[in-house]
Amino acid sequence: MSMRSFALAAALVLVGPGAIASAEPAAAVAARAPQVAETRHTGRFNGEEVRYRALVSETFLTDEAGAPAASVVTTAYLREGADAASRPIMFIFNGGPGASTTPLHFGAFGPKRRLGEGAAQVMVDNPDSPLDAVDLVFIDPVGTGYSRPLPGREGKPYWSRSGDAASVSKVIETWLAANGREASPRYLLGQSYGTTRAALIVKLGEVKFDGVLLFALVASPEGLEMPYVTSLPSYAAVAWWHRKIDRDGRTAQQVYDEAVEFARTDYVSALIRGASLPAAEKRRIAQRMSDLIGLPADYIESKDLRLKNEDFMFRLLADQGLRTGQLDGRATRRLDAPAQRPPYDDPGLNFSLEPPPAAPPAPPKVEGVAATSDEPPALEAYYRQTLGFESAETYNSLNLDVNSAWDFEGGGDANGFLGRAMQADPNLRLFWVSGLYDLTTPSYRGRYILDQSGVPPERLVAAQFPGGHSVFTEETNRKALADAVRAFVRP
């Protein structure tokens, strides 16, 4: 779908806390302007007191006839008193592709963090937010957060690689114009599938960026060897964590580095030889792999030296009746646990070594009446009570229906577009973040694909953390990540 198919109504008005963005008929939606709520706040970030505006904006996407077809809601935090021409601004989205910005917004970079689950959820200050250094705009694509196809309209035009990238790019372009930020240094941050979205937005070229940040890079190496070669180092790190290999005084990083060197020398050479590999050499390679990743050499040899995630996750701890996580290999779950719908079957989902916060006190009981609470979930209460944004919709953190409906348009690795863009623009820089224990988007796979995509190494900042898919789930990583982001936007 062409960019012209995503023309946007750019009119914005300020509304009070009582305004309702309801599931109106399409005619009623067309008759009103997109909704915006603006509030003012003060927070302390990186030890500095910062006054900022919060701007929750609804933007209409229109069809080829110019009729509103979908609403995209963005949440921006903008430092007050800063010079717009020199103040950097970062546009942020997650992946899925049906995932909202929740982990990045309320787990990493927003001025507030959400802790706990269910009724125990609380919103707390986030001193690690980089808002002292860069303005933040969180984008929830159609079908996620409060963003929706409008009544009577379908999400299909937006639920494909090209349609999604074009719509998000146009939202960014329109936001910059509506808020007078066309001259600001601009950064684009995507996590997981969001890294593919970011690459496709850069390919479109409708908005120019000073830097692109890629967290948990989705990479798709081709061939009969490289998918296996690029997974091996992460298996080694996870095996180290679970003490299924002899640590011999080595750190997880040292084991990972050893596995990288083996993977791109002896291992890839053995896989290339295939059936012509002598039996003794195959046995030697299998034993070396066993020493690195903790699976029996006989099993590795029986798999023809090629291991998939399922082979590793379900066998590494099988003697304990456990499997590992995939989003975070440090997590475990019993092999005989009741089946759950993916991704909820992955113990690595939302895994963190940090203890959960204490639950808030239960509402008082009235004699003869069960203790209940009419308070909305912490996230929705934050939007309504703190940001003054009212919506008839429920905030959708993860929409698996979007995942199911997604058109990957044949797939293929999108990262080559970044390499070509960087070669064409000598000022474009790249910041890549990976987790040592992430089996979903393995760290070495990301490095390999960026190297093969032609990304100039002198303009690439690589940051590897002892974490999983979302490296910021633990405080030490979160602080270090925020500092690295600050340094990247202040070159």
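Look up: the structure comes first, before these words.
So, here's what we can say about the structure. As the structure is a prediction and not an experimental result, all values here were calculated from the model. (Residues numbered from 1 in each chain as written. Predicted model: local features only at pLDDT ≥ 70, side-chain atom pairs only at ≥ 80, totals over all residues. Heavy atoms only, no water.)

Some details on the overall build of the protein
Piece 1. Along the protein, the regular secondary structure elements total 15 helices and 16 strands.
Piece 2. Relative to its 491 residues, the protein shows a buried fraction of 54%.
Piece 3. Summarising the internal contacts of the protein: among those between residues at least 6 apart in sequence, 69% fall at separations of at least 24.
Piece 4. For the protein, the computed accessible surface area is about 20,600 Å², with 51% contributed by carbon and sulfur atoms. (Helix = DSSP H or I, 4+ residues; strand = E, 2+ residues; numbered from the N terminus. Buried < 20%, exposed > 50% of the residue type's maximum accessible area, 1.4 Å probe, protein only. Contact = heavy atoms within 4.5 Å. Areas by Shrake-Rupley, 256 points an atom, 1.4 Å probe, with all protein chains shown as cover.)

Some points on the packing of aromatic side chains
Piece 1. Under the criterion given, the structure shown has 21 aromatic pairs.
Piece 2. Ring plane angle 85° and centroid distance 5.7 Å describe the contact between Phe106 and Tyr382, whose orientation is recorded as edge-to-face. Here Phe106, found in helix H2 (residues 102-109), pairs with Tyr382, found in helix H11 (residues 378-386); they are 276 residues apart in sequence, far enough to count as distant.
Piece 3. With a relative accessible area of 3%, Phe106 lands in the buried category.
Piece 4. Ring geometry for Tyr187 versus Phe488: centroids 5.8 Å apart, planes at 65°, classification edge-to-face. One end of the pair, Tyr187, is in strand E11 (residues 186-191); the other, Phe488, is in helix H15 (residues 475-489), and 301 residues separate them in sequence.
Piece 5. Grouped by ring-pair contacts, the aromatic residues Phe106, Tyr146, Tyr382, Tyr383, Phe389 and Tyr395 constitute a single cluster.
Piece 6. The cationic tip of Arg247 hangs over the ring face of Trp240; the distance from NZ or CZ to the ring centre is 3.7 Å.
Piece 7. The residue whose ring lies beneath Arg330 is Trp241, and the NZ or CZ to ring-centre distance is 5.6 Å. (Phe/Tyr/Trp six-rings, centres within 6.5 Å; stacked < 30°, edge-to-face > 60°. Lys NZ or Arg CZ within 6 Å of the ring centre and 35° of its normal.)

Quick look at the environment of Thr74
Piece 1. Turning to its location among the elements, Thr74 is positioned in strand E5 (residues 68-79).
Piece 2. Beyond its immediate stretch of four places on either side in the chain, Thr74 contacts Leu55, Val56, Ser57, Val137, Phe138, Ile139, Val171 and Trp175.

What to know about the pairing of strand E16 (residues 460-465)
Piece 1. Here strand E15 (residues 429-435) pairs with E16 via six bridges, running parallel. Each residue of the ladder has a partner; that of Val433, found in E16, is Ala463. (Pairing = 2+ DSSP bridges.)

Digging into unusual backbone geometry
Piece 1. At the junction of Gly96 and Pro97, the peptide bond is cis and its omega measures out at 15° in the coordinates.
Piece 2. With respect to the secondary-structure elements, Pro97 resides in the loop between strand E6 (89-93) and H2.
Piece 3. Here the amide bond leading from Pro342 into Pro343 is cis, since omega sits at 5°, within 30 degrees of zero.
Piece 4. Here Pro343 is to be found in the loop between strand E14 (332-334) and H11.
Piece 5. In this structure, Asn46 takes a positive phi of about 55° despite not being glycine.
Piece 6. Among the structural elements, Asn46 can be located in the loop between strand E3 (35-45) and strand E4 (48-62).
Piece 7. Of note in the backbone geometry, Asp248 takes a positive phi value of approximately 50° without being a glycine.
Piece 8. Residue placement: Asp248 occurs in the loop between helix H6 (232-241) and helix H7 (252-273).

Here's the deal with the packing of H2 against H11
Piece 1. Running from amino to carboxyl end, H2 crosses H11 at an angle of 80°, the nearest separation of the two axes being 13 Å. Between H2 and H11, the angle falls in the class roughly perpendicular. For the pair H2 and H11, contact is made by Thr102, His105 and Phe106 and by Leu379, Tyr382 and Tyr383, respectively.
Piece 2. Of the residues that constitute the contact of H2 with H11, the class distribution is four nonpolar, two polar and no charged. (Axes fitted to C-alpha atoms, helices over the stretch in contact; angles between N-to-C directions. Parallel < 35°, antiparallel > 145°, perpendicular 65-115°, else oblique. Nonpolar A, V, L, I, M, F, W, Y, C, P; charged D, E, K, R; others polar.)

So, the side chain of Thr102
Piece 1. Tracing the sequence through the fold places Thr102 in helix H2.
Piece 2. Judged by its relative accessible area of 6%, Thr102 is buried.
Piece 3. Sequence-distant contacts of Thr102, defined by excluding residues within four places in its chain, comprise Gly107, Arg114, Leu379, Tyr395 and Ser397.

Considering the nonpolar core
Piece 1. Counting 93 residues, the largest nonpolar core has Tyr267, Ile293 and Leu305 as its most contacted members.
Piece 2. Looking at this core element by element, the count peaks at eleven residues for H7.
Piece 3. Not counting residues up to four positions away in its chain, the partners in contact with Ile293 are Leu232, Tyr235, Ala236, Ala239, Ile245, Ile300, Leu307, Phe312 and Leu316.
Piece 4. Counting residues in hydrophobic clusters, the runner-up holds 40 residues, among them Val56, Ile92, Phe109 and Phe138. (Core = buried A, V, L, I, M, F, W, Y, C linked by side-chain atoms within 4.5 Å.)

Some words on empty space enclosed by the protein
Piece 1. The full count for this structure, using the stated rule, is three cavities of 30 Å³ or more.
Piece 2. Each pocket or cavity is described by its volume, and for the second largest cavity that value is around 40 Å³.
Piece 3. Contributing to the lining of the second largest cavity are Pro97, Pro141, Val142, Thr144, Tyr158, Trp159, Asp164, Arg197, Val402 and Trp406. (1 Å grid on protein atoms, 1.4 Å probe; cavity = no way out; pocket = protein on both sides within 12 Å on 5 of 7 lines; lining within 4 Å. Points joined across faces, edges and corners; volume = space filled by probe spheres on them.)

Focus on H2
Piece 1. Counting buried residues in H2 gives seven out of eight residues, a clear majority hidden from the surface.
Piece 2. All buried positions along H2 are accounted for by Thr102, Leu104, His105, Phe106, Gly107, Ala108 and Phe109.

As for helix H8 (residues 279-293)
Piece 1. Here H8 is 15 residues long and its end C-alpha atoms lie 21 Å apart, about the 21 Å a rise of 1.5 Å per residue gives.
Piece 2. Looking at the packing, one finds that the buried side of H8 touches H6, H7, helix H9 (297-302) and helix H10 (309-313).
Piece 3. Remark: Gly294 follows H8 within two positions and exhibits a positive phi of approximately 85°. (Expected span 1.5 Å × (residues − 1).)

Quick look at the environment of Phe91
Piece 1. Note that Phe91 resides in strand E6.
Piece 2. Assessed through its relative accessible area of 0%, Phe91 is described here as buried.
Piece 3. Between the C-alpha atoms of Phe91 and Leu189, which are 98 residues apart in sequence, the distance is 6.1 Å.
Piece 4. For Phe91, the contacting residues outside a window of four places in its chain are Val137, Ile139, Ile172, Trp175, Leu176, Tyr187, Leu188 and Leu189.

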